[in-house]
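Residues per chain are reported as follows:
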Amino acid sequence: MIDANERMSVDVLLTGANGRLGEAVAREFAHTAPTLRVAALGRSLLDAAEQEAVHEAFSRLAPRVVVNAAAFTDVAAAQAAARNSAALDVVMRANARAPEVLAQACAAHGASLIHFSTDYVFSGGGSRMRTEVEKPRPFGVYGRSKRAGEAALEHVGRQNPTFRYLIFRLSWLHGAPGDFVSKVLDAALAGRLSRMRNDQWGRPTSYESAAKLAVQTTQRELMNEGAQNSLHVTIPRGIYHFAEPGPVVNRLRLAKLILGMGAVKLAERGCLFESEMLRRAGESLQGCRMHDRARPANCRLNCGKLSGLMAIDCFSWNYYVDKSVENFLQSRLLGMEEASDTCLDKEN
Ligand SMILES: NC(=O)c1ccc[n+]([C@@H]2O[C@H](COP(=O)([O-])OP(=O)(O)OC[C@H]3O[C@@H](n4cnc5c(N)ncnc54)[C@H](OP(=O)(O)O)[C@@H]3O)[C@@H](O)[C@H]2O)c1
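Quantities reported herein were computed from a predicted structural model and do not represent experimental measurements.

A. Examining the packing of aromatic side chains more closely. With the rule as written, the count across this model stands at 8 aromatic pairs. Relative to Tyr-319, the ring of Phe-315 has its centre 4.6 Å away and its plane inclined at 55°; by these criteria the two rings are tilted. Ring geometry for Tyr-319 versus Tyr-320: centroids 4.9 Å apart, planes at 90°, classification edge-to-face. Residue class for Tyr-319 comes out partly exposed when judged on its relative accessible area of 39%. By relative accessible area, Tyr-320 is classed as buried at 2%. Each member of the aromatic cluster is reached from another via a ring pair, and the members are Phe-116, Phe-168 and Tyr-240. In this structure, Arg-251 packs its charged tip against the face of Trp-172, placed 3.9 Å from the ring centre.

B. Here's a closer look at the site of the ligand. Around the ligand lies a shell of 24 residues, among which Leu-21, Thr-73, Tyr-142, Lys-146 and Tyr-207 are the nearest. One of the side-chain N or O atoms of Arg-43 is found 3.1 Å from an oxygen atom in the ligand. In this structure, Ala-71 approaches the ligand through a main-chain N or O atom, which is 3.1 Å from an oxygen atom. Every element with two or more residues in the shell around the ligand is listed here: helix H1 (20-32), strand S4 (112-118) and helix H5 (140-159). Looking at the shell around the ligand element by element, the count peaks at 3 residues for S4. Partitioning the shell around the ligand into residue classes produces 13 nonpolar, 7 polar and 4 charged.

C. Molecular detail of the nonpolar core. If you look at the biggest cluster of nonpolar residues, it comprises 35 residues, and the most contacted ones within it are Phe-29, Val-67 and Phe-168. Elements with a contribution of two residues or more to this core: strand S1 (12-15), H1, strand S3 (65-68), S4, strand S5 (165-170) and helix H7 (207-224). By residue number, the principal contributor to this core is H7, which donates 7 residues. Of all hydrophobic cores here, the second largest spans 30 residues; its members include Phe-180, Ala-188, Ala-281 and Trp-317.

D. Representation of unusual backbone geometry. Positive phi outside glycine occurs at Ala-62, with the angle close to 45°. Mapped onto the elements of the fold, Ala-62 is located in the loop between helix H2 (51-61) and S3. Judged by relative accessible area, Ala-62 falls into the partly exposed class, the value being 39%. Of note in the backbone geometry, Trp-172 takes a positive phi value of approximately 50° without being a glycine.

E. Region of the structure containing the packing of helix H4 (residues 85-109) against H5. Their axes nearest at 9 Å, the elements H4 and H5 cross at an angle of 15°. As judged from the angle between their axes, H4 and H5 are roughly parallel. Note that H4 runs across H5; the crossing there is right-handed. Residues Leu-88, Val-91, Met-92, Asn-95, Ala-96, Pro-99, Glu-100, Ala-103, Gln-104 and Ala-107 of H4 form the contact with H5, whose own contacting residues are Val-141, Tyr-142, Ser-145, Lys-146, Ala-148, Gly-149, Ala-152, Leu-153 and Val-156. Of the residues belonging to the contact of H4 with H5, the class tally is 13 nonpolar, 4 polar and 2 charged.

F. The pattern of salt bridges, seen in detail. In the structure shown here, the tally under the stated rule is 22 salt bridges. The partner of Glu-28 in a salt bridge is Lys-212, with the nearest N and O atoms 3.7 Å apart. Remark: Lys-212 occurs in helix H7 and Glu-28 occurs in helix H1; sequence separation between them is 184 residues. Note on Glu-28: relative accessible area 9%, which makes it buried. Residues Asp-199 and Arg-197 are paired through a salt bridge, measuring 2.8 Å at the closest nitrogen-oxygen approach. Accessibility expressed as a relative area gives 5% for Arg-197, which makes it buried.

Here is what the cut-offs are and how they apply
Residues numbered from 1 in each chain as written. Predicted model: local features only at pLDDT ≥ 70, side-chain atom pairs only at ≥ 80, totals over all residues. Heavy atoms only, no water. Phe/Tyr/Trp six-rings, centres within 6.5 Å; stacked < 30°, edge-to-face > 60°. Buried < 20%, exposed > 50% of the residue type's maximum accessible area, 1.4 Å probe, protein only. Lys NZ or Arg CZ within 6 Å of the ring centre and 35° of its normal. Near = heavy atom within 4 Å. Polar contact = N/O pair within 3.5 Å; in protein donor to acceptor, adjacent residues only side chain to side chain. Helix = DSSP H or I, 4+ residues; strand = E, 2+ residues; numbered from the N terminus. Nonpolar A, V, L, I, M, F, W, Y, C, P; charged D, E, K, R; others polar. Core = buried A, V, L, I, M, F, W, Y, C linked by side-chain atoms within 4.5 Å. Axes fitted to C-alpha atoms, helices over the stretch in contact; angles between N-to-C directions. Parallel < 35°, antiparallel > 145°, perpendicular 65-115°, else oblique. Left-handed = near helix turned anticlockwise from the far one by under 90°. Contact = heavy atoms within 4.5 Å. Salt bridge = Lys/Arg side-chain N within 4 Å of Asp/Glu carboxyl O.

In structure tokens, the structure reads:
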């Protein structure tokens, strides 16, 4: 990683570097591609929606690939912003204006842009797997703002045939504080988990795998640069769906799986009281339909287009959910130990 104020050319500019995905991507670069020069800039160092600031960053750093992890992701706040033009502007700056500014800068400087989007660009139920050719029908303000960001890249791409951009639509990300895994376990341990949607289907995906996707595709962009007959298959620019392998699942089943994993792990540690709480919460958890209308129901992403072109180095989603459960319990147990209220005390 390079210093934010340094004047030197870098391989990669990572924007939104202090967000959950941004941090995972920075970690993955440091871990698997330590020789690449990466400028990882959070919003305080680079506001990606500010044309002048982005222009200055390009002049100073001359990145060859930009990975944009910047976004406004608070779905409820985005929806509430529908009635407030100043608040709506904040959402649109992050999700539509920033990708547009970055796309223009990349097109002008010959850099590739890797950008992330979401299953919220679709709405409605049904059970079909969503492909990239399906016409988007964005869900709510957040979905519309993210679709506007995609459209901005496509527009710049039409004007600049050599501009390379990859948009990865992700869904149900977990593996950071406040994610679905933590919410389910927190609620169950507090005795307030009774219902979960059974009509919302998709596949959870970890920040870790999404970060691997960003790093692997960045490496390809760098390897393919200028090569006429590259051994590496160049991924055509455009939109791709990405989820970890594994069957689609609904939120109710996923929550039950999380609770079951948590119960086993706690029992193995001798935390029998908490383990029993999770086991019972899983058993009594009831399904409900459209309880939370703020989320799309059919989040089944067909990922065949991307997997036909490259294999992302990741396991099936079950593995990462287990890891998120483990991480949550470790931080929880550590917190409980610090408060001298450990489950071991209970057992004693
Ligand atoms: N979270 C999910 O479940 C999920 C699912 C599907 C797709 N995605 C997509 O994955 C990507 C990453 O999401 P995430 O979960 O990592 O979000 P996140 O944790 O909310 O991080 C977003 C980061 O972007 C920063 N940011 C906002 N506006 C910016 C600007 N104008 N310039 C520079 N940085 C800016 C934010 O900074 P501040 O905190 O200072 O505002 C924050 O650090 C997004 O494109 C999102 O749409 C997420």
